[in-house]
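# Tertiary structure, described
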Amino acid sequence: MIPSRPLPPGRPAAAERALAEQVLSTVPDVDKLLYARVDMAEDAAGQPILTELELVEPGLYLRFHHASIPAFVQAIVEVAEAARGSGHLVGDAVEAGTLGRPGDQVAVQALAG
């Protein structure tokens, strides 16, 4: 089925946003996720229906939006610090493109494509 109306990227209709919020409300610890994507299509009546809930994305498509890389790396650092409980990872390393250890810069560069 071809959508009845094109949507600009990042601008879901109210019904689509409501469905995404409803779906995500069923996920335990959703506030701890670093990534989530709710895919949907329109049913025969033109209402959005869930087609896929994705909580893991190995690619993340960061190569298409480099500006998101520092925020994503910072989120990883914050989760790691919270899990470790020390809060002593080097914050400046995020801006430098590393997480403070040799080899981490390569990982961050790989995310950038």
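Residue positions are given per chain, counted from 1 along the sequence in the order it is written. Under the rules for a predicted model, residues below a pLDDT of 70 receive no local features and side-chain atom pairs below 80 are neither given nor counted, while totals for whole chains, interfaces and linings still include all residues. The basis for every side-chain value is the complete set of heavy atoms in the structure, and neither hydrogens nor water enter the calculation.

Secondary structure counts use DSSP, requiring at least four H or I residues in a row for a helix and at least two E residues in a row for a strand, with both numbered from the N terminus. Counting its secondary structure elements, the chain contains four helices and two strands. Its helices and strands in sequence order give the chain the pattern α-β-β-α-α-α, from N to C terminus. For the chain, the share of sequence-separated contacts (at least 6 apart) that also reach a separation of at least 24 residues comes to 37%. Areas reported here follow the Shrake-Rupley algorithm with a probe of radius 1.4 Å; residue values treat only the protein chains shown as occluding. Total accessible area on the chain stands at roughly 8,100 Å², and carbon and sulfur atoms take up 59% of it. Two residues qualify as a contact provided that any one of their heavy atoms is within 4.5 Å of a heavy atom in the partner residue.

Take unusual backbone geometry next. With phi around 55°, Asp-29 is a residue other than glycine that occupies positive phi space. With respect to the helices and strands, the residue Asp-29 is situated in the loop between helix 1 (14-24) and strand 1 (37-42).

Turning our attention to the side chain of Glu-16. Looking at where Glu-16 falls in the secondary structure, it is placed in helix 1. Exposure is judged per residue with a 1.4 Å probe applied to protein chains only, and the accessible area is read against the type maximum: over 50% gives exposed, under 20% gives buried, and values in between give partly exposed. A residue is classified by how much of its surface remains accessible, and Glu-16, at 13% relative accessible area, is buried. For the purposes of these results, a polar contact is taken to be a pair of N or O atoms within 3.5 Å, where, inside protein, one atom must be able to donate a hydrogen and its partner to accept one; residues adjacent in sequence count only when each atom of the pair is a side-chain atom. Reaching out from Glu-16, the side chain makes a polar contact with the backbone nitrogen of Ala-13 at a distance of 2.7 Å.

Before going further, it helps to spend a moment on helix 2 (residues 69-84). Taking 1.5 Å of rise per residue, 16 residues should cover 22 Å, and helix 2 covers 22 Å from first to last C-alpha, within 8% of that figure. Among the residues of helix 2, those classed as buried are Ile-69, Phe-72, Val-73, Ala-75, Val-77 and Glu-81. Here, expected helix span is obtained from the residue count minus one, scaled by 1.5 Å.

The next subject is the confidence of the model for the chain. Segments scoring low in pLDDT should not have their predicted coordinates read at a detailed level. For the chain, mean pLDDT is 73; residues scoring 70 or higher make up 65% of the total. Values of pLDDT, the confidence the predictor places in each residue, fall between 0 and 100. Counting interchain partners and residues more than four positions distant, the pLDDT-below-50 stretch residues 87-113 has 28 contacts.

Working note: regular strand, side chains alternate between the two faces of the sheet. Where strand 1 lies against strand 2 (residues 48-54), six bridges are found, and the strand directions are antiparallel. The residue bridging Met-40 from the neighbouring strand is Leu-50, located in strand 2. Here strand 1 hands over to strand 2 after five residues, with Gly-46 in that stretch at a positive phi of 85°. Between any two strands, pairing holds if DSSP finds at least two bridges.

Attention now moves to helix 1. Helical geometry note: an α-helix holds 3.6 residues per turn, so side chains three or four residues apart project in the same direction. Within helix 1 the residues assigned to the buried category are Glu-16, Leu-19, Ala-20 and Val-23. End-on, the buried residues of helix 1 take up no more than an arc of 100°, which puts them together on one face. With respect to the buried face of helix 1, the exposed residues turned more than 90 degrees away are Ala-14, Arg-17 and Gln-22. Among the structural elements, strand 1 and strand 2 are those in contact with the buried residues of helix 1. When we speak of the arc, we mean the arc of directions from the helix axis to the C-beta atoms.

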